[in-house]
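For reference, the chains in residue letters:
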Amino acid sequence: MSNRNATVNRKTSETEISVRLDLDGSGESEILTGVGFFDHMLTQIARHGLLHLAVSAIGDHHIDDHHTVEDVGIAFGTALQEAIRDKQGITRYGHAIVPMDEALILCAVDFSGRGLFVEQLALKSGKIGTFDVELVPEFFQAVAANAKMTVHIQQFAGNNTHHIIEGAFKAFGRALAAAVAIDPRIKGIPSSKGTL
Ligand SMILES: [Mn+2]
């Protein structure tokens, strides 16, 4: 494990979440949230974000998956915020444009210190497996707010909902890997304000 790691345990009356994160991993993951498609998507973040990510969640799935997905977003975002430490030497910005068959998705991120999520995905409401596609923006909103990141996700093309969502998670992973990468030419914190 690198020193850029964090462990977050979060327990409420609705969910019990555990996240272990290392920013300097090599894409490995152990994910078990009880929501199959969501596990598949978190695996994409780990793989393409070059993280080492372990997520386990016990949630109130008898209601639906909303609390679990949102709370994993909160815990993962909190872990990102902790693991990035004081942001010394990080690239800060990252972006990726990822094709997933007919879908083409852009993600741009900034470790700005301000949590903001902006999204333009043409998602029809509905489900993939048991996963409600309306939970995609809920997840990224929770990550952005708790990691204090600016996250933009834009769709340029796509028809198949699975492809659009998977493209978004892969693009987020690649953008994240770029933004957290240490650039040896950056001295201190990459902001003219001196703080992020
Ligand atoms: Mn897939």
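For the structure itself, look to the data block above.
These numbers come from a predicted model, not from an experiment. (Residues numbered from 1 in each chain as written. Predicted model: local features only at pLDDT ≥ 70, side-chain atom pairs only at ≥ 80, totals over all residues. Heavy atoms only, no water.)

Regarding the coordination of the manganese ion
- On the protein side, the manganese ion has H40 (NE2), H162 (NE2) and E166 (OE) as donor atoms, found 2.0 to 2.3 Å from it.
- In primary-sequence terms, the residues that donate to the manganese ion follow H-x121-H-x3-E. You can see H162 and its partner E166 sitting in helix α4 (residues 161-180), 4 residues apart, about one turn around the helix. (Donors = N, O, S within 2.8 Å, 3.2 Å for Na, K, Ca; no water. Helix = DSSP H or I, 4+ residues; strand = E, 2+ residues; numbered from the N terminus.)

Observations regarding the pattern of salt bridges
- All chains considered together, the criterion is met by 5 salt bridges.
- Of the charged contacts in the structure, one is a salt bridge between E166 and K170, with a shortest N-O distance of 3.3 Å. Highlighted residues: E166 and K170, both in helix α4, separated by 4 residues, approximately one helical turn.
- Of the residues examined, K170 reaches a relative accessible area of 17% and is grouped as buried. (Salt bridge = Lys/Arg side-chain N within 4 Å of Asp/Glu carboxyl O. Buried < 20%, exposed > 50% of the residue type's maximum accessible area, 1.4 Å probe, protein only.)

Remarks on the sheet that holds strand β4 (residues 52-59)
- Pairing in this open sheet of 4 strands is mixed, and the strands run β1-β2-β4-β3 from one edge to the other. Two strands bound the open sheet, and with one partner strand each, they are β1 (5-11) and β3 (28-32). Between one strand and the next, the sheet's axes are offset by a mean angle of 0°, whatever the strand orientation.
- Where strand β2 (residues 15-22) lies against β4, 8 bridges are found, and the strand directions are antiparallel. Bridge pairing in β4 places L21 opposite L53.
- In the packing of helix α2 (residues 66-83) onto the sheet, contacts are made with β1, β2 and β4, and the angle to β2 comes to roughly 35°. (Pairing = 2+ DSSP bridges. Axes fitted to C-alpha atoms, helices over the stretch in contact; angles between N-to-C directions. Contact = heavy atoms within 4.5 Å.)

Let's talk about the side chain of H67
- Note that H67 resides in helix α2.
- A polar side-chain atom of H67 sits 2.6 Å from a polar atom in the side chain of D60. (Polar contact = N/O pair within 3.5 Å; in protein donor to acceptor, adjacent residues only side chain to side chain.)

Here we look at the sheet that holds strand β6 (residues 103-110)
- What the 4 strands build is an open sheet, ordered β5-β6-β10-β7; its pairing is mixed. Two strands bound the open sheet, and with one partner strand each, they are β5 (93-100) and β7 (116-120). On average, adjacent strands in this sheet sit at an angle of 10° to one another, irrespective of strand direction.
- As judged from the 8 bridges shared by β5 and β6, these two strands associate in the antiparallel manner. Bridge pairing links Y93 to D110 in β6.
- Each of β7 and β10 (150-157) is contacted by helix α3 (residues 135-147), which is oriented at about 155° to β7, the strand it contacts most.
- Each of β5, β6 and β10 is contacted by α4, which is oriented at about 150° to β5, the strand it contacts most.

Quick look at α4
- Its 20 residues give α4 an end-to-end C-alpha distance of 29 Å, which sits within 8% of 28 Å, the value for a rise of 1.5 Å per residue.
- With 17 of 20 residues buried, α4 lies mostly within the body of the structure.
- With a side-chain oxygen lying 3.0 Å from the backbone nitrogen of H162, the N-terminal cap of α4 falls on N160. (Expected span 1.5 Å × (residues − 1).)

Things to note about the packing of helix α1 (residues 36-49) against α4
- At a closest axis distance of 7 Å, the pairing of α1 and α4 adopts a crossing angle of 30°. Considered as vectors, α1 and α4 are oriented roughly parallel to each other. Here the hand of the crossing between α1 and α4 comes out right-handed. In contact with F37, H40, M41, Q44, I45, H48 and G49 of α1, α4 contributes H162, I165, E166, F169, K170, F172, G173, R174 and A177.
- Class assignment for the residues of the contact of α1 with α4 results in 7 nonpolar, 6 polar and 3 charged. (Parallel < 35°, antiparallel > 145°, perpendicular 65-115°, else oblique. Left-handed = near helix turned anticlockwise from the far one by under 90°. Nonpolar A, V, L, I, M, F, W, Y, C, P; charged D, E, K, R; others polar.)

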